[in-house]
Amino acid sequence: MAICVAPFRSLSSPLLRSSAAAPPCTAKSVVFGCPSLRNLVKQQLTSRPMVSSSGGRMNCSAQVETEATASAPFLTDHAKLIDSVETFIFDCDGVIWKGDSLIEGVPETLDMLRSMGKRLVFVTNNSTKSRKQYGKKFESLGLSVSEEEIFASSFAAAAYLKSIKFPSDKKVYIIGEAGIQLELKQAGINYIGGPEDGDKRIDLAPGQLMEHDHDVGAVVVGFDRYLNYYKLQYATLCIRENPGCMFIATNCDAVTHLTDAQEWAGGGSMVGAIKGSTKKEPLVVGKPSTFMMDYLASEFNIKTSQICMVGDRLDTDILFGQNGGCATLLVLSGVTTLETLQSPENKIQPDFYTTKISDLLAAKKVASA
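These lines cover the structure that appears in this document, whether it is placed above or below. Keep in mind it's a predicted model, so treat the numbers as computed, not measured.

Concerning the nonpolar core
Then, in step 1: One finds Phe88, Phe90, Ile96, Phe122, Phe138, Val310 and Ile357 to be the most contacted residues of the largest nonpolar core, which totals 33 residues.
Then, in step 2: For this core, the secondary-structure elements that each account for two or more residues are α3 (78-84), β1 (87-90), α4 (106-115), β4 (119-124), α5 (131-140), β5 (150-152), β13 (307-311) and β14 (327-331).
Then, in step 3: Per-element accounting of this core gives the leading share, 4 residues, to α4.
Then, in step 4: The residues contacting Phe90, other than those within four sequence positions of it, are Val95, Ile96, Leu110, Leu113, Leu120, Val121, Phe122, Val123, Met309, Val310 and Ile357.
Then, in step 5: Of all hydrophobic cores here, the second largest spans 32 residues; its members include Val123, Val172, Ile174 and Ile248.

Written out as structure tokens, the structure is:
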């Protein structure tokens with residue numbers, strides 16, 4: 001799996017960080033770093049047999065090596081995990097749906113968790129839609145989710161600019177789709193670009209000079225199915241020639257689920273193009289940046305130690321949860337395969353993994369037994 005390896009800058013704001021937030025998990029404690037789950041992880045590590053990739057039981061030396069690499073355990077005690085947290089944060093693409101297809105068992109799982117008094121929040125790095133538009137997508141799939149429970153990276157970009165008091169006399173140039181426009185408009189931030197520039201072309205006649213708006217104070221780059229050379233050049237000029245112009249990325253996802261048939265090039269490819277032309281690193285407001293976690297903790301007054309982040313990506317979802325000090329559950333219904341998770345090259349390990357979120361329904365069966 002391709003991973004966006006560009007370093008991101010944390011956008012944590014003291015004004016947005018919850019005072020009750022637990023310290024983030026460190027690289028040395030990616031499995032045991034969440035205190036509320038330490039004993040459960042240890043129990044599962046000691047109770048399950050170590051097996052080799054060929055299916056045979058490992059010898060003692062192999063077991064020591066496996067434990068040293070801290071490979072994540074398969075979730076077996078679903079009820080204990082659910083009882084240990086009060087809020088579940090779900091990624092959307094690859095967890096709730098793939099393209100426009102709902103993943104099996106999602107409605108029943110969400111209904112069960114709500115009936116158990118759990119708060120549900122949905123966080124997506126996909127910036128093509130606004131919170132309101134995502135609300136309509138949930139509704140079209142038969143899911144009852146309020147706008148206040150949805151946090152997209154398009155919203156995160158607008159919330160970040162609002163949090164730093166982006167000057168009212170400045171504009172944002174958008175490489176992206178309608179979701180970013182709608183969220184910036186809702187926040188009262190002036191913008192240009194976006195889908196309207198999708199059909200624009202550049203005349204490369206001798207001596208041609210492209211003009212750009214010198215009042216652009218930030219370029220926001222998100223997923224854009226209509227990316228063209230005009231947009232690339234315009235964004236490049238703004239970042240390189242406008243003093244203090246910020247380069248903001250909604251995310252660096254390598255791939256995304258536009259359909260349920262295959263993976264498609266993600267927002268990271270658009271961000272990478274601007275990085276290449278400007279030689280600058282972006283400020284990332286989506287996962288795995290802690291900005292959205294800080295915002296959520298403040299908005300709902302949540303203790304991050306009481307949150308479980310559920311996602312299908314190691315480098316965004318799981319790292320997002322670990323950076324925020326949350327419990328983490330990886331599902332294999334999206335981008336990450338079991339082979340990738342257990343590869344010696346993978347350094348990001350969740351607290352647990354499972355096949356899909358409907359596996360949590362096992363807790364209901366235990367309760368009714």
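A look at the sheet that holds β13
Then, in step 1: Ordered by their spatial adjacency, 6 strands build an open sheet running β5-β4-β1-β13-β14-β15, and the pairing between neighbours is parallel. Sheet topology places β5 and β15 (352-354) at the edges, where each strand pairs with a single neighbour. Direction aside, neighbouring strands of the sheet carry axes that sit 20° apart on average.
Then, in step 2: Bridge count for β4 against β5 is 3 bridges, and the pairing is parallel. Bridge pairing in β5 places Val123 opposite Phe151.
Then, in step 3: The sheet strands contacting α4 are β1 and β4, and the helix crosses β4 at an angle near 135°.
Then, in step 4: On the sheet, α5 packs against β4 and β5 and is oriented at approximately 120° with respect to β5.

Quick look at the packing of helix α6 (residues 153-163) against helix α10 (residues 291-300)
For any two helices packed against each other, the geometry comes down to the angle between their axes and how far apart the axes lie.
Then, in step 1: Interhelical geometry of α6 versus α10 gives an angle of 80° and a closest axis separation of 11 Å. If you check the angle between α6 and α10, you find them roughly perpendicular. Along the contact surface, α6 presents Phe155, Ala156, Ala159, Tyr160 and Ser163, while α10 presents Phe291, Met292 and Tyr295.
Then, in step 2: Residue composition of the contact of α6 with α10, by class: 7 nonpolar, 1 polar and no charged.

Some details on the environment of Glu104
Then, in step 1: Examined against the element boundaries, Glu104 turns out to sit in the loop between β3 (101-102) and α4.
Then, in step 2: As a C-alpha pair, Glu104 and Lys356 span 252 residues in sequence and 8.4 Å in three-dimensional space.
Then, in step 3: Discounting chain neighbours no more than four positions away, the residues touching Glu104 are Lys356 and Ser358.

Quick word on the packing of α6 against helix α7 (residues 178-186)
Then, in step 1: Where α6 meets α7, the axes come as close as 8 Å, and the angle between the chain directions of the two elements is 35°. Where α6 crosses over α7, the two elements pack in a sense that is right-handed. Along its contact with α6, which presents Ser154, Phe155, Ala158 and Leu161, the element α7 presents Gly179, Ile180, Glu183 and Leu184.
Then, in step 2: Looking at the contact of α6 with α7 residue by residue, the class counts come to 5 nonpolar, 2 polar and 1 charged.

Description of the sheet that holds strand β12 (residues 283-284)
Then, in step 1: Within the open sheet, the 5 strands sit side by side as β7-β6-β8-β9-β12. Their pairing is parallel. Strands with a single pairing partner mark the edges of an open sheet, and in this sheet they are β7 (191-193) and β12.
Then, in step 2: Across 2 bridges, strand β9 (residues 246-249) lies against β12 in parallel orientation. Bridged to Ala249 within β12 is Val284.
Then, in step 3: Most of the contacts of α7 go to strand β6 (residues 171-175), to which it runs at about 160°, and overall it touches β6, β7 and β8 (216-221).
Then, in step 4: Contacting β6, β7, β8 and β9, helix α8 (residues 229-241) crosses the sheet at an angle of about 145° to β6.

Points about the state of the cysteines
Then, in step 1: Taken as a whole, this structure holds 0 disulfides when the rule is applied.
Then, in step 2: The thiol of Cys245 is not disulfide-bonded; the next cysteine sulfur, from Cys238, is found 5.6 Å away.
Then, in step 3: For Cys245, a relative accessible area of 11% puts it in the buried group.

The rules behind these values
- Residues numbered from 1 in each chain as written.
- Predicted model: local features only at pLDDT ≥ 70, side-chain atom pairs only at ≥ 80, totals over all residues.
- Heavy atoms only, no water.
- Core = buried A, V, L, I, M, F, W, Y, C linked by side-chain atoms within 4.5 Å.
- Buried < 20%, exposed > 50% of the residue type's maximum accessible area, 1.4 Å probe, protein only.
- Helix = DSSP H or I, 4+ residues; strand = E, 2+ residues; numbered from the N terminus.
- Contact = heavy atoms within 4.5 Å.
- Pairing = 2+ DSSP bridges.
- Axes fitted to C-alpha atoms, helices over the stretch in contact; angles between N-to-C directions.
- Parallel < 35°, antiparallel > 145°, perpendicular 65-115°, else oblique.
- Nonpolar A, V, L, I, M, F, W, Y, C, P; charged D, E, K, R; others polar.
- Left-handed = near helix turned anticlockwise from the far one by under 90°.
- Disulfide = S-S within 2.5 Å.

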